[in-house]
4 protein chains.
Amino acid sequence: MKIDAGSHVPIYRQIADQIRTAIAAGVYRPGEALPSLRVLALDVKVNPNTVQRAYDDLLRQGTVYSRRGKGLFVAEQGTVTAQQGTEKSLARALDEAIRNARAAGMHANQIRGLFNTSIRRVYGKGD
Amino acid sequence: MKIDAGSHVPIYRQIADQIRTAIAAGVYRPGEALPSLRVLALDVKVNPNTVQRAYDDLLRQGTVYSRRGKGLFVAEQGTVTAQQGTEKSLARALDEAIRNARAAGMHANQIRGLFNTSIRRVYGKGD
Amino acid sequence: MKIDAGSHVPIYRQIADQIRTAIAAGVYRPGEALPSLRVLALDVKVNPNTVQRAYDDLLRQGTVYSRRGKGLFVAEQGTVTAQQGTEKSLARALDEAIRNARAAGMHANQIRGLFNTSIRRVYGKGD
Amino acid sequence: MKIDAGSHVPIYRQIADQIRTAIAAGVYRPGEALPSLRVLALDVKVNPNTVQRAYDDLLRQGTVYSRRGKGLFVAEQGTVTAQQGTEKSLARALDEAIRNARAAGMHANQIRGLFNTSIRRVYGKGD
DNA sequence: GTGGTCTAGACCACA
DNA sequence: GTGGTCTAGACCACG
């Protein structure tokens, strides 16, 4: 679990995204328990409130459900909904950025160039 | 001029981006006056202060300049700086989307695939 | 009479300053009439209101006085008060700028360097 | 922190300049937190919005950065950019003062004389 | 009429 | 608690 404190993306969203990804990847299987609020908070060194908010996101989305006094568990359909969530959110962001650029008169190839620059900047030359 | 009040992007930034885009596209030419604060505020139905803030962005960037009591005018180099501004804004959006995706555990190639899908969706097969 | 429309100095102040300087230099002697509002407005191609405001400044300062229906005339002490006005205003501006720079920790020689750069920028190499 | 409400310099700029000066002088070191919006607003008895606007200047300049819910912090390069900002601000003030003087008909050498007087008045003979 | 500054007070996201 | 955005309404300088 890696938190980028410098990013403009809220920490709670970074946490929720990574948990969601882990569920999508099968790290947490349906019916399995998630790490407890306090444990996770200690792990990533943030305020428990922040973890709480991340878990709220997953609850609202139906990816996990809570058992009183027991903790949070991955829902039956959790793996599926998690997989959909991550990609859909990226696709939406890309669509919006590209639409804006097109409205500003940029050509597809200009956008492709900037995209390649960006992905290299984020991932480095390798990967 | 279309404002999405529900968007997470601040209204003043939406306005600045659209005006910048219009300048980049040559809708407003160097030396030409922009719509006055109050007129534009009435047009998009926001507070004049909000428009003012949008114009501030363009002023600081040197895309436009103000003449006392006369109005705001596109700078000599306005078309160029506006185009640069548009690129910078796209690069920022791409960086953020990619950083999010990476934090969520996606690989660069998955992102590349979604990007290609997005750009085809927006531009069509040609271009 | 030269007006710099691009300057941040209000036009009415530019006019007032130049009239004041002309009086200080003896171009207009005590008792002599100043150019009429409309004539001067046509001359420098500005709104008569703007010239009016410039003349207001000189009136308030006591450098000139008005004779109903006749026009504006240089006051008995006009030459003297005009001379004092110009230099005092510059000295005040310089003092403030230098005090600020000192508060920011700059050394006198750094300020001297920037001053020389500025004066060359405004006057050119010659003069 | 001293604000001159009567000055023609906007309050938000006075605040920004003084904070910038403090950073340049090392009063606030990189990584250190600035006084919060509301605290500073109470301190100098202005509206929090006005302080916000001052901080905006420093943010855009990259001298400080914000951490969500935590506060504003001096950037890694903050001391340097603050020093640069201070110089830029002095250069602007000198340019304007000299331009005014020139428009009022003064010669470069007259201005040089007044400048030397001013700098001696502020710094004394030594330095 | 124009842009520029300021206030008071609200609501939001975040920790 | 923090910063960020927005509104309503005021006053100013300028032309």
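These figures come from a predicted structure and were not determined experimentally. (Residues numbered from 1 in each chain as written. Chains lettered and ligands numbered in written order. Predicted model: local features only at pLDDT ≥ 70, side-chain atom pairs only at ≥ 80, totals over all residues. Heavy atoms only, no water.)

A closer look at the protein's contact with DNA strand F
Near DNA strand F lie 26 residues; those nearest to it are Ile11, Asn49, Thr50 and Arg68 of chain B together with Pro10 of chain C. Atoms of DNA strand F within 4 Å of the protein: sugar and phosphate make up 65%, bases the balance. Contact between DNA strand F and Tyr12 of chain B: a phosphate oxygen at 3.4 Å from a main-chain N or O atom of the residue. For DNA strand F, a phosphate oxygen lies 2.4 Å from a polar atom in the side chain of Arg68 of chain B. Of the residues that constitute the surface near DNA strand F, the class distribution is nine nonpolar, 11 polar and six charged. (Near = heavy atom within 4 Å. Polar contact = N/O pair within 3.5 Å; in protein donor to acceptor, adjacent residues only side chain to side chain. Nonpolar A, V, L, I, M, F, W, Y, C, P; charged D, E, K, R; others polar.)

Regarding the environment of Ala103 of chain C
Residues and elements named next belong to chain C. Checked against the element boundaries, Ala103 lands in helix H4 (residues 78-103). Taking the relative accessible area as the measure of exposure, Ala103 reaches 58% and is therefore exposed. For Ala103 and Ala22, which are 81 residues apart along the polypeptide, the C-alpha to C-alpha distance reads 36 Å. (Helix = DSSP H or I, 4+ residues; strand = E, 2+ residues; numbered from the N terminus. Buried < 20%, exposed > 50% of the residue type's maximum accessible area, 1.4 Å probe, protein only.)

Describing the relation of the copies chain A and chain B
What connects the two chain copies is a rotation about an axis and a shift along it. Its rotation angle being 171°, the transformation that places chain A on chain B also includes 0.8 Å of axial translation and leaves an RMSD of 2.5 Å. Mapped onto chain B, 84% of the interface residues of chain A again fall at the interface, so both copies present the same surface. (Least-squares fit on C-alpha atoms with pLDDT ≥ 70 in both. Contact = heavy atoms within 4.5 Å.)

So, the pattern of salt bridges
Using the criterion set out here, one finds 17 salt bridges over all chains in the structure. Between Asp57 of chain C and Arg60 of chain C there is a salt bridge, with its nearest N and O atoms 3.3 Å apart. Remark: Arg60 of chain C and Asp57 of chain C occur in helix H3 (residues 48-61); sequence separation between them is three residues, near one turn of the helix. Among the ionic pairs, Asp56 of chain D bridges to Arg60 of chain D, the shortest N-O distance being 3.5 Å. Linking Asp56 of chain D with Arg60 of chain D, this pair stays in helix H3 (residues 48-61), spanning four residues, or about one helical turn. (Salt bridge = Lys/Arg side-chain N within 4 Å of Asp/Glu carboxyl O.)

Section: H3 of chain D
Taking 1.5 Å of rise per residue, 14 residues should cover 20 Å, and H3 of chain D covers 20 Å from first to last C-alpha, within 8% of that figure. Listing the buried residues of H3 of chain D in full gives Val51, Ala54, Tyr55, Asp56, Asp57 and Leu58 of chain D. Buried residues belonging to H3 of chain D abut helix H3 (48-61) of chain B together with helix H1 (11-24), helix H2 (37-44), strand E1 (64-67) and strand E2 (71-74) of chain D. The N-cap of H3 of chain D, judged by a side-chain oxygen 2.7 Å from the amide nitrogen of Asn49 of chain D a few residues on, is Asn47 of chain D. Looking one or two places after H3 of chain D, you find Gly62 of chain D, whose phi comes out positive at around 80°. (Expected span 1.5 Å × (residues − 1).)

Looking at the interface of chain B and chain D
Interface size is often expressed as the accessible area that is lost when the parts come together. Opposite the four residues of chain B that make contact, chain D presents four residues. Interface area for chain B against chain D, summed over the two sides, is near 360 Å², with a carbon-plus-sulfur share of 19%. Linking chain B with chain D are four salt bridges, by the criterion used here. With its nearest N and O atoms 3.8 Å apart, the salt bridge here joins Asp56 of chain B to Arg53 of chain D. (Buried area = accessible area lost by both parts, 1.4 Å probe.)

Concerning the relation of the copies chain B and chain D
The transformation that overlays chain B on chain D combines an axial shift of 0.0 Å with a rotation of 180°, and the residual RMSD is 0.1 Å. One copy is carried onto the other by what is essentially a two-fold rotation axis. Closest approach to the rotation axis within chain B is made by the C-alpha atom of Arg60 of chain B, at a distance of 4.7 Å. Mapped onto chain D, 100% of the interface residues of chain B again fall at the interface, so both copies present the same surface.

Regarding the packing of aromatic side chains
If you walk through the whole model with that rule in mind, you get six aromatic pairs over all chains. Seen from their ring centres, Phe115 of chain C and Phe115 of chain D are 3.7 Å apart, and the 5° between their planes marks the pair as stacked. One end of the pair, Phe115 of chain C, is in helix H5 (residues 108-123); the other, Phe115 of chain D, is in helix H5 (residues 108-123), on a second chain. Like Phe115 of chain C, the residue Phe115 of chain D is buried in the burial classification. (Phe/Tyr/Trp six-rings, centres within 6.5 Å; stacked < 30°, edge-to-face > 60°.)

Observations regarding the packing of H1 of chain D against helix H4 (residues 78-103) of chain D
Residue and element names in this part refer to chain D. Where H1 meets H4, the axes come as close as 8 Å, and the angle between the chain directions of the two elements is 130°. As summarised for this structure, H1 and H4 are arranged oblique, according to the angle between their axes. Classified by chirality, the crossing of H4 by H1 is left-handed. Contacts between H1 and H4 involve Arg13, Arg20, Ile23 and Ala24 on the former and, on the latter, Gly78, Thr79, Ala82, Gln83, Gly85, Thr86 and Arg92. Residues that form the contact of H1 with H4 fall into these classes: three nonpolar, five polar and three charged. (Axes fitted to C-alpha atoms, helices over the stretch in contact; angles between N-to-C directions. Parallel < 35°, antiparallel > 145°, perpendicular 65-115°, else oblique. Left-handed = near helix turned anticlockwise from the far one by under 90°.)

Section: the protein's contact with DNA strand E
Close contacts around DNA strand E come from 26 residues, with Pro10 of chain A together with Ile11, Asn49, Thr50 and Arg68 of chain D the closest. Between a base nitrogen of DNA strand E and a main-chain N or O atom of Gly69 of chain B, the distance comes to 3.4 Å. In this structure, Ile11 of chain D approaches DNA strand E through a main-chain N or O atom, which is 2.3 Å from a phosphate oxygen. Looking at the surface near DNA strand E, the elements with two or more residues in it are helix H1 (11-24) and helix H3 (48-61) of chain A, helix H2 (37-44) and H3 of chain B together with H1 and H3 of chain D. Residue classes in the surface near DNA strand E are distributed as nine nonpolar, 11 polar and six charged.

Details of the side chain of Thr86 of chain A
Inspection of the secondary structure puts Thr86 of chain A in helix H4 (residues 78-103). Ignoring any residue separated from it by four or fewer positions in sequence, one finds Thr86 of chain A in contact with Arg20 and Thr21 of chain A together with Ala104 and Met106 of chain B.

Section: the domain arrangement of chain A
According to the domain assignment, chain A contains domain 1 (11-80) and domain 2 (86-123). Computed from C-alpha atoms alone, the centre-to-centre distance between domain 1 of chain A and domain 2 of chain A is 30 Å. (Domains from an automatic or database assignment.)

A short note on the pairing of strand E1 (residues 64-67) of chain B
Residue and element names in this part refer to chain B. Note: E1 against strand E2 (residues 71-74), four bridges, orientation antiparallel. Bridging from a neighbouring strand, Ser66 pairs with Leu72 of E2. Here E1 folds back onto E2, and the loop between the two strands holds three residues, one of which, Gly69, carries a positive phi near 70°. (Pairing = 2+ DSSP bridges.)

A few points about the interface of chain A and chain B
Between chain A and chain B, the residue contacts involve 37 residues of the former and 33 residues of the latter. A buried area of about 3,600 Å², summed over both sides, lies between chain A and chain B, and 67% of it is on carbon and sulfur atoms. The interface formed by chain A and chain B contains two salt bridges. At the boundary of chain A and chain B, one finds eight residue pairs in polar contact (both at pLDDT 80 or more).

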